[in-house]
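Residues per chain are reported as follows:
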Amino acid sequence: MSVPQDKKTAAGPQDAAVPAISIQGLVKSFGQVEVLKNIDLDVMPREVVCVIGPSGSGKSTLLRCVNMLEEPTAGKIFVGEHEMTDPDVDIDRARRSIGMVFQQFNLFPHLSVLQNLTVAQQKVLKRSKSEALQTARQNLERVGLAHRETAYPAQLSGGQQQRVAIARSLSMDPELMLFDEPTSALDPELVGEVLAVMKGLVREGMTMMVVTHEMAFARDVADRVVFMDGGYVVEEGTAESVIGNPQQERTQAFLARVLNPTSVQEGDEFTAPAGADRGAAAHAQPDPALDARFSRGQDNG
């Protein structure tokens, strides 16, 4: 793995023995469609976990459940000491430790770059204007955009806007970062500048859970790669094992097409054959290719 060996020794407030994220028996349904099926997954402090899989596999829904942008149907989710699924949890307080970067940049178009980075600090964290400005400028420096603090979003490229969105999240001093396909809305030539910023966060020891289609990025930075399909975790392990030497047939087929798309023959698309409903069957050794019940339209991830 190309991540520097000292990444794991980076200082941080989290207890290395306690998972930064613990997902236990997670189920998520939209009506009659079960999109996530009994997911168990831990992310340890300063660990980078990349989640890969075809569109509709449940990746983005999984990420959105972590900070309760989607409410789970069943199961528990812990972020540090907070049980996010506890009805009595102070969800606003719990979310302060989580930064999230979406596919779209979600910047305020009428505010300058610097104002985009300071407004939440002042309103949510109750920082003074001077403290918020200092923090914002430090994070713009981290993403290489200190020279654009007076610009407005419309004056920036897509890659620059996404880097501003990352700096905005960092300005809230998160203990972990969630990335939902952060480069999918970018032109190919702009992808690299965003991935470079994310690699910098890896070197700093940031805990990260990343939904991505960028296999080279996942191979370079991930401590673990999780492959999902049909709402199941089909395979997980090191980047070398999952991407370089996948054991499950479904993982092999997916990666063969992602890594060598010109090999796909016309009419040779993936199909999910009808199979028996496994209901709440144990997720150990699932065969999601047999499960035709999940809808690819329910989840963009």
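The structure contained in this document is the topic of the report that follows. In this text, all values refer to a predicted model and were calculated from it rather than measured experimentally. (Residues numbered from 1 in each chain as written. Predicted model: local features only at pLDDT ≥ 70, side-chain atom pairs only at ≥ 80, totals over all residues. Heavy atoms only, no water.)

## Section: the sheet that holds strand β3 (residues 48–52)
Point 1. The mixed open sheet is built from six strands, whose spatial order is β6-β7-β8-β3-β9-β10. The sheet is open, and its two edges are formed by β6 (98–101) and β10 (232–237), each paired on a single side. Averaged over all pairs of adjacent strands, the angle between strand axes in this sheet comes to 15 degrees, irrespective of strand direction.
Point 2. Each of β6 and β7 (176–180) touches helix α5 (residues 158–170); the most contacted strand, β6, lies at about 170 degrees to it. (Pairing = 2+ DSSP bridges. Helix = DSSP H or I, 4+ residues; strand = E, 2+ residues; numbered from the N terminus. Axes fitted to C-alpha atoms, helices over the stretch in contact; angles between N-to-C directions. Contact = heavy atoms within 4.5 Å.)

## Regarding the side chain of N116
Point 1. Of note, N116 is situated in helix α3 (residues 113–123).
Point 2. Every residue in contact with N116, bar those within four places of it in the chain, is listed here: L107, F108, L111, P153 and R168.

## Remarks on the packing of α3 against helix α4 (residues 129–142)
Point 1. Across the interface, α3 lies against α4 with an axial gap of 9 Å and an inter-helix angle of 130 degrees. Taken as axis vectors, α3 and α4 run oblique relative to one another. Here the hand of the crossing between α3 and α4 comes out right-handed. Contact residues: α3 offers V113, L114, L117, T118, Q121 and Q122, while α4 offers K129, E131, A132, L133, T135, A136, R137 and L140. (Parallel < 35°, antiparallel > 145°, perpendicular 65-115°, else oblique. Left-handed = near helix turned anticlockwise from the far one by under 90°.)

## Considerations on a positive patch on the surface
Point 1. A grouping of R93, R96, K123 and K126 is seen on the molecular surface, where their side chains present a positively charged patch.
Point 2. Tracing the backbone through its elements, the reader meets R93 in helix α2 (residues 91–95). (Patch = residues over 30% accessible without salt bridge, like charges linked within 9 Å, V, L, I, M, F, W, Y side chains within 5 Å. Areas by Shrake-Rupley, 256 points an atom, 1.4 Å probe, with all protein chains shown as cover. Salt bridge = Lys/Arg side-chain N within 4 Å of Asp/Glu carboxyl O. Lys, Arg positive; Asp, Glu negative; His and termini not counted. Charge placed at Lys NZ, Arg CZ, Asp CG, Glu CD.)

## Quick word on the layout of surface pockets
Point 1. Considered as a void within the structure, the largest pocket measures approximately 630 Å³ in volume.
Point 2. Those elements that place two or more of their residues in the lining of the largest pocket are α2, β6, α3 and α5. (1 Å grid on protein atoms, 1.4 Å probe; cavity = no way out; pocket = protein on both sides within 12 Å on 5 of 7 lines; lining within 4 Å. Points joined across faces, edges and corners; volume = space filled by probe spheres on them.)

## Notes on the sheet that holds strand β2 (residues 33–43)
Point 1. Spatially, four strands are ordered β2-β1-β4-β5 in an open sheet, and the strand pairing comes out antiparallel. Because the sheet does not close on itself, it has two edges, and the strands there are β2 and β5 (82–83).
Point 2. With two bridges joining them, strand β4 (residues 74–79) and β5 adopt antiparallel strand pairing. Along β5, the bridge assignment pairs F78 with E83.
Point 3. Together, β1 (21–30), β2 and β4 form the strand contacts of helix α1 (residues 59–66), whose direction differs from that of β1 by roughly 120 degrees.

## Let's talk about the environment of P188
Point 1. Inspection of the secondary structure puts P188 in helix α6 (residues 188–204).
Point 2. Residue P188 is classed as exposed on the basis of its relative accessible area of 74%.
Point 3. With 29 residues separating them along the chain, P188 and G159 place their C-alpha atoms 9.8 Å apart. (Buried < 20%, exposed > 50% of the residue type's maximum accessible area, 1.4 Å probe, protein only.)

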